[in-house]
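Structure assessment
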There are 2 protein chains.
Amino acid sequence: MIEKKRIVIDMDDVMADTSQSILDLYNSSYGTNYQKEKLLGTTIWDEQIRDKYIKVRHGLYEPGFFRNVPVMPGAIDVVTELYEKHDVFIVSAATEFPNSLKEKVEWLAQYFPFIHWQKMVFCGDKSIVKGDVMIDDHEKNLFSFKGQKLLFDAIHNQALTGYERVKNWEEIAEILL
Amino acid sequence: MIEKKRIVIDMDDVMADTSQSILDLYNSSYGTNYQKEKLLGTTIWDEQIRDKYIKVRHGLYEPGFFRNVPVMPGAIDVVTELYEKHDVFIVSAATEFPNSLKEKVEWLAQYFPFIHWQKMVFCGDKSIVKGDVMIDDHEKNLFSFKGQKLLFDAIHNQALTGYERVKNWEEIAEILL
């Protein structure tokens, strides 16, 4: 039997493929055709996209943006099993986007209907949360966490070192299940 | 100079006078005239109101309920000063009420416009948060907290013992400022 751990799981770019929606927004704004698969393993995001992305970032405040983000491949199966075997909390930095709050509850109800409202946290600064494992794509969330840290591979964190990087949900299953 | 502490402050029945709105809902549903001032110091809530309140509790899920709750007397002045001198987080158990999430952001913007989105946390189970001081009206939130616990006096916690009870925001100022 595995030891039950409190696992803190991020939504955007971990459970939800938010980068895909952001690239869609970017490509439609600039007439480009960047694809997530081709950006992973490179620093093209940092070097060519990030600065211009800031100018279309207002799209993230629009109603409907977060509600329509696709689920990350593999997330449903692995989160289901983690939820059964561990003490899982979904912790999303969402208060910057007030429209996203209810949308994120609805999104979770669609893809992860077993997740109880007691297990949802919407915040801004994740240094307030404690747990045994944090899965996140941003150093600003991971750095102050006291437990095990898993960096979820994302187009915007390719240059980041010093963290245990997981490429996908299958790798998380290998580590935690 | 005072030592800077991370202070976790609840919204309902601490910053916001939610019991007043609940009593209004109750009184209008049952034709009664219960008044908060007369219930404090008694266990009338536990003995006569709580069971019947459960039947009108669905009103808390309605759009607009949390947006229209009055601010707790004294809260604005004291939270303003705490925010300047300490590391304040607003932590509200709100995910049970998805409509309340954006309303609570808007409510904070109305009465406490200086509170940054990074300092807001909307969750269900507060055992996920850590800090130095927690101000809350519910034992379920206080009991697992590791720091100093201040129980905010409320009509539904009159029988609760074992916690440092504060009657109002002026008493919090005396302790923390």
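Observations concerning the overall build of chain A
- Secondary structure summary: chain A contains seven helices and six strands in total.
- Along the chain direction, N to C, the helices and strands of chain A fall in the order β-α-α-α-α-β-α-β-β-α-β-β-α.
- Taken over C-alpha atoms, the radius of gyration comes to 16 Å for chain A, in line with the 16 Å a tight globule of 177 residues would show.
- Summarising its shape, the C-alpha atoms of chain A cover approximately 50 × 35 × 30 Å along the three principal directions.
- When burial is assessed residue by residue, chain A has 39% of its 177 residues classed as buried.
- Long-range pairs, those at least 24 residues apart, make up 67% of the contacts in chain A with a sequence separation of at least 6.

Some remarks on the relation of the copies chain B and chain A
- Superposing chain B onto chain A takes a rotation of 180 degrees combined with a translation of 0.0 Å along the rotation axis, leaving an RMSD of 0.0 Å. What the superposition gives is, in effect, a two-fold axis relating one chain to the other.
- A share of 100% of the interface residues of chain B reappears at the interface of chain A, consistent with the copies meeting face to face through the same patch.

Topic: the pairing of strand E3 (residues 120–123) of chain B
Residue and element names in this part refer to chain B.
- Here E3 shows a buried face lined by Met120 and Phe122 and a second buried face lined by Val121 and Cys123.
- With four bridges joining them, strand E2 (residues 87–93) and E3 adopt parallel strand pairing. Counted as the bridge partner of Ile90 is Met120 from E3.
- As for the winding sense of the linkage, the β-α-β connection from E2 through helix H5 (residues 98–111) to E3 is right-handed.

Focus on the packing of helix H5 (residues 98–111) of chain A against H5 of chain B
- For the pair H5 of chain A and H5 of chain B, interaxial distance at closest approach is 8 Å and the crossing angle is 170 degrees. Judged on the interaxial angle alone, H5 of chain B and H5 of chain A are roughly antiparallel. When the axes of H5 of chain A and H5 of chain B are compared, the crossing they make is right-handed. Across from Pro98, Asn99, Leu101, Lys102 and Val105 of chain A in H5 of chain A, the residues of H5 of chain B making contact are Pro98, Asn99, Leu101, Lys102 and Val105 of chain B.
- Broken down by class, the residue content of the contact of H5 of chain A with H5 of chain B amounts to six nonpolar, two polar and two charged.

Digging into the interface of chain B and chain A
- Contacts between chain B and chain A engage 20 residues on the former and 20 residues on the latter.
- Those elements giving two or more residues to the side of chain B that touches chain A turn out to be H5 and E3 of chain B.
- If you tally residues by element for the side of chain B that touches chain A, the top one is H5 of chain B, at five residues.
- Its residues assigned to classes, the side of chain B that touches chain A shows eleven nonpolar, four polar and five charged.

Re the pairing of E2 of chain B
Residue and element names in this part refer to chain B.
- Taking burial as the measure, the seven residues of E2 include six buried ones, the bulk of the element.
- Both strand E1 (residues 6–9) and E2 contribute to a ladder of four bridges, which runs parallel. Opposite Ile9, over in E2, you have Ile90 as the bridge partner.

Regarding the nonpolar core
- Ile9, Ile90 and Val121 of chain A together with Ile9, Ile90, Val121 and Ile135 of chain B are the most contacted members of the largest nonpolar core, which totals 96 residues.
- Residues contacting Ile9 of chain A, with those up to four places away along its chain left out, are Val14, Met15, Val79, Val88, Ile90, Val91 and Ile135 of chain A.

Some details on helix H7 (residues 169–176) of chain B
Residues and elements named next belong to chain B.
- When we look at burial in H7, the residues that qualify are Trp169, Ile172 and Leu176. Around the axis of H7, the buried residues are gathered within 50 degrees of arc, so they sit on the same side. Facing away from the buried surface of H7 by more than 90 degrees, the exposed residues are Glu170 and Glu174.
- In this structure, the buried side of H7 is in contact with E1, helix H4 (75–85), strand E4 (133–136), strand E5 (148–152) and strand E6 (164–166).

Digging into the confidence of the model for chain A
- The pLDDT averaged across chain A works out to 96; a share of 99% of its residues lies at or above 70.
- For this predicted complex, the interface score ipTM comes out at 0.94, while the overall pTM is 0.95.

Re unusual backbone geometry
Residue and element names in this part refer to chain A.
- Backbone geometry places Asp13, a non-glycine residue, at a positive phi of 70 degrees.
- Residue position: Asp13 is located in the loop between strand E1 (6–9) and helix H1 (18–30).
- Take Asp13: there are 22 C-beta atoms within 10 Å of it, and that puts it in the buried class.

Concerning the environment of Ile54 of chain A
Residue and element names in this part refer to chain A.
- In this structure, Ile54 sits in helix H3 (residues 44–56).
- The class of Ile54 is exposed, set by 9 C-beta atoms lying within 10 Å.
- When the C-alpha positions of Ile54 and Asp136 are compared, they lie 21 Å apart, and in sequence the two are 82 residues distant.

Quick notes on helix H1 (residues 18–30) of chain B
Residue and element names in this part refer to chain B.
- Its 13 residues give H1 an end-to-end C-alpha distance of 18 Å, which sits within 8% of 18 Å, the value for a rise of 1.5 Å per residue.
- Those residues of H1 that sit buried are Thr18, Ser19, Ile22 and Leu23. Mapping the buried residues of H1 onto a view down its axis gives an arc of 135 degrees, with all of them on the same face.
- Contacts made by the buried residues of H1 are with helix H2 (36–39) and helix H3 (44–56).
- Just beyond H1, the residue with positive phi is Gly31, at close to 70 degrees.

Criteria and thresholds
- Residues numbered from 1 in each chain as written.
- Chains lettered and ligands numbered in written order.
- Predicted model: local features only at pLDDT ≥ 70, side-chain atom pairs only at ≥ 80, totals over all residues.
- Helix = DSSP H or I, 4+ residues; strand = E, 2+ residues; numbered from the N terminus.
- Rg over C-alpha atoms; globule rule 2.2 N^0.38 Å.
- Buried ≥ 20, exposed ≤ 12 C-beta atoms within 10 Å, placed from the backbone.
- Contact = placed C-beta atoms within 7 Å.
- Least-squares fit on C-alpha atoms with pLDDT ≥ 70 in both.
- Pairing = 2+ DSSP bridges.
- Right-handed = clockwise from strand over helix to strand, strands pointing away.
- Axes fitted to C-alpha atoms, helices over the stretch in contact; angles between N-to-C directions.
- Parallel < 35°, antiparallel > 145°, perpendicular 65-115°, else oblique.
- Left-handed = near helix turned anticlockwise from the far one by under 90°.
- Nonpolar A, V, L, I, M, F, W, Y, C, P; charged D, E, K, R; others polar.
- Core = buried A, V, L, I, M, F, W, Y, C linked by C-beta atoms within 7 Å.
- Arc of directions from axis to C-beta.
- pLDDT = per-residue confidence, 0-100.
- Expected span 1.5 Å × (residues − 1).

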